[in-house]
Each structure stands twice: as structure tokens, then as C-alpha cells.
Amino acid sequence: MAADTNAQIVLLTFPGNTVAGVELGAKLGVPSQRLELHAFPDGETLVRLPNELTGRCVLLLCSLDHLDGKLLPLLLTADAARDQGARRVGLVAPYLGYMRQDSRFHSGEAVSARTVAAVLERHVDFLITVEPHLHRIHSLAELYHIPAHAVSAMPAIVDWMRREVRQPLLIGPDQESSHWVAAIAAELEAPYLILDKVRHGDRAVEILMPELAGWTGHTPVLLDDILATAQTMITAVRQLKQHGLPDPVCVAVHPILVGDALSGLLAAGAARVVSCNTIAQPSNAIDVMPLIAEAVKPFCHK
């Protein structure tokens, strides 16, 4: 981007996104500015933005894990940016929360994905995210009436695996992951398997393992889009070790890693646990900020 175009972009980084903000700012050629938030004793939030926003494209970098505590400060910030003359306000949410509740599975439930979309699109002009959890909803365009772009993490994952994993055997945790895992396997020219998963609760998972006798020379790589409690991967790691394969590598796009999920995976026998840097975690090893930067540029040039 030309220097005068860079000057039209303001990147505001929310707490918890500082490292990603520095990396994204470097790729965009703009400084990353940490957003100033103040919590009053009663729990309400004060937002204070830079003054120089008139005519600018303002990017709000905020990964939307644990969204309940982030949503109101985000909306306050978006509205304040517009009040201070921002030409466009865009949300860069490397992880987009509440996407898994995309249907009413039982009577009386909220369809949270639709509710969150309806709120966000009233406050920002565009949305950039990475590998949103799309299942029954097949495209962000089914949810959002503003431009909403989903960045694929696949190129970054493929590059990392080419460098780091010898003779990978890719393993998807369930049928939902099959197309994604198959696509990565095709790029790597590597074999892949898909597990059968039966979920009995948030932390109770049963895995039906396929025949593995022919894969003893390969490194198992468990791939998933989201690691939350990691119970599926923990169960799979334990079963893979019982079949005499090398210690598996666990790879995820979005490392929510609730509680002792990371230590649980390592204790189960994972050789490594790595993730994209969509949520700040010790597992971050795969950089998707260059991909996000390329996706952002056209939106800020309009």
C-alpha cells in the first residue's frame, strides 16, 4: 500500500490482542494502537479513543472468544469511532464466537449466531474473520447484511506442516471436518483419515478409531478448527498411542483452550500442540496475520 493510503488506516487493538495487533500492523504498514478501556467500580466501561479519526478507516482488532465480556466495549468503541468522524469502521475478529449455536437444537433455545450477527452489523461496516465455524449456515452472507469475509487459514497451516512435520498422516476428529482436512491433505499430498465421534456431553466424547495398522511410519496430525475443552483430541491422542503410532501432533485454528485443555493434551501424549494466532495462547505457532492483512486492504480502500 502507498504511504498516503497507510495514513488513512487506524488500527485499534483490544486488550488480549496486543501481539496480534503488532503483527497485523506490521503487515499493513501502520502502527497498532492499544485501545484504552477503564472499568468503573460498578462494572461499567469507559472507552477512550485517539482523536485523529476523521476520514479514516478504523480497524477494531478483537478476537471474540469469551464474547460475553467483550461485546459491549466493542459496540461502544465502534460507535465512538463513528462519532469522531471515522469514514469506515471495520471489525477484525480472528475468532468469531457464538457460531456453533447456528440452529435451534431444542425448543426454546436462542439461535445465537444470528443474534450476534444482527448486533454486530448495526455497529460496523464490515467484518473480517478466520475460519468461522460454518456447518448448517454455509456462508457468512447468510448471517450478515454487511460485507463479511472469511479468511482461510489453510495456506498458513500447509506451510507450517511442510516445514515441521515429517510424513504426516492427517486425522480429522469428525465428519464435519472431513472437507477441510481432505483439502489440506491434498495440498500436502498426504494421506488422511476421519474419526467417528459420539458426544455425550461437553466433556464426554467417544471416538471410534479406524484401522491404523498400515500407518506406522507416519506422524499422526490431529486437525480441528476449534480447541475448547480439547476432550475430543485428548481421547484421540490416547487411542492413537495405544496403536503404536508416534506421538501425535495436535493442530488447531482457534485455541480457546478452556481450563487445563493444553496440559491435558500434553499429559495424554501429544508431541506438540500448535495453533494459529487467532487467540493469544502459548500454542500460537502459525501466523495468519499476513492473510488477514491481505483481506483487509480492499475494504479500507473503498
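Because the structure is a prediction, the values reported are computed rather than measured. (Residues numbered from 1 in each chain as written. Predicted model: local features only at pLDDT ≥ 70, side-chain atom pairs only at ≥ 80, totals over all residues. Heavy atoms only, no water.)

Peer 1: Let's hear about the state of the cysteines: which residues, and what values?
Peer 2: Think of a disulfide as a covalent bridge from one cysteine sulfur atom to another cysteine sulfur atom. For the structure on display, the rule yields one disulfide. Between the sulfur atoms of cysteine 57 and its disulfide mate cysteine 300 the distance is 2.4 Å. Here the S-S torsion is close to -60°, and the disulfide linking cysteine 57 with cysteine 300 is therefore left-handed. Linking cysteine 57 in strand 5 (residues 57–61) with cysteine 300 in helix 9 (residues 289–300), this pair joins segments that are 243 residues apart in sequence. (Disulfide = S-S within 2.5 Å. Helix = DSSP H or I, 4+ residues; strand = E, 2+ residues; numbered from the N terminus.)

Peer 1: Explain the layout of surface pockets residue by residue, including any values.
Peer 2: Space left empty within the atom packing is revealed by a probe, the size of a water molecule, rolled over the atoms. The computed volume of the largest pocket comes to approximately 1100 Å³. Lining of the largest pocket is provided by 33 residues; of these, Arg100, His133, Asp174, Glu176 and Asp225 occupy positions nearest its centre. Contributions of two or more residues to the lining of the largest pocket are made by strand 8 (148–151), helix 6 (178–188), strand 11 (196–201), strand 13 (219–227) and helix 7 (231–242). Looking at the lining of the largest pocket, the element that brings in the most residues is strand 13, giving four residues. Counted by class, the lining of the largest pocket contains 12 nonpolar, 10 polar and 11 charged residues. Surrounding the second largest pocket, 14 residues form its lining, Tyr95, Gly97, Tyr98, Arg100 and Ile256 being those nearest its centre. Partitioned by chemical class, the residues of the lining of the second largest pocket number eight nonpolar, three polar and three charged. (1 Å grid on protein atoms, 1.4 Å probe; cavity = no way out; pocket = protein on both sides within 12 Å on 5 of 7 lines; lining within 4 Å. Points joined across faces, edges and corners; volume = space filled by probe spheres on them. Nonpolar A, V, L, I, M, F, W, Y, C, P; charged D, E, K, R; others polar.)

Peer 1: Just give me the short version of the nonpolar core, but keep the residues and values in it.
Peer 2: Ranked by size, the top nonpolar core spans 46 residues in total, and within it Leu59, Ile157, Ile184 and Leu223 carry the most contacts. Looking at this core, the element that brings in the most residues is helix 9, giving seven residues. Listed in part, the 35 residues of the second largest apolar core include Leu60, Leu96, Val124 and Tyr144. (Core = buried A, V, L, I, M, F, W, Y, C linked by side-chain atoms within 4.5 Å. Buried < 20%, exposed > 50% of the residue type's maximum accessible area, 1.4 Å probe, protein only.)

Peer 1: A description of the side chain of histidine 254 should follow, citing residues and the corresponding values.
Peer 2: Tracing the chain through its elements places histidine 254 in strand 14 (residues 249–255). Judged by relative accessible area, which is 1%, histidine 254 ranks as buried. Among the polar contacts made by the side chain of histidine 254, one reaches the main-chain carbonyl oxygen of valine 130 at a distance of 2.9 Å. Non-local contacts of histidine 254, meaning those with residues more than four positions away in its chain, are made with Pro94, Tyr95, Val130, Glu131, Asp225, Ile226, Leu227, Thr278 and Ile279. (Polar contact = N/O pair within 3.5 Å; in protein donor to acceptor, adjacent residues only side chain to side chain. Contact = heavy atoms within 4.5 Å.)

Peer 1: So what's going on with the sheet that holds strand 1 (residues 9–13)? Residues and values would help.
Peer 2: The strand order across the open sheet formed by six strands is 2-1-5-6-7-8, and the pairing between neighbours is parallel. The sheet is open, and its two edges are formed by strand 2 (32–34) and strand 8, each paired on a single side. Neighbour-to-neighbour, the strand axes of the sheet open up by a mean angle of 25°, direction not taken into account. Across four bridges, the pairing between strand 7 (residues 126–130) and strand 8 is parallel. Across the sheet, leucine 127 pairs through a bridge with alanine 148, a residue of strand 8. (Pairing = 2+ DSSP bridges. Axes fitted to C-alpha atoms, helices over the stretch in contact; angles between N-to-C directions.)

Peer 1: Describe in detail the packing of helix 7 against helix 8 (residues 261–268), supporting the description with residues and values.
Peer 2: Two numbers describe how helix 7 lies on helix 8: the axes approach to 9 Å, and their chain directions differ by 5°. Comparing the axis directions of helix 7 and helix 8 gives the class roughly parallel. Note on element contacts: helix 8 touches helix 7 through Ala261, Gly264, Leu265 and Ala268, opposite Met233, Ile234, Val237, Arg238 and Lys241. Class assignment for the residues of the contact of helix 7 with helix 8 results in six nonpolar, one polar and two charged. (Parallel < 35°, antiparallel > 145°, perpendicular 65-115°, else oblique.)

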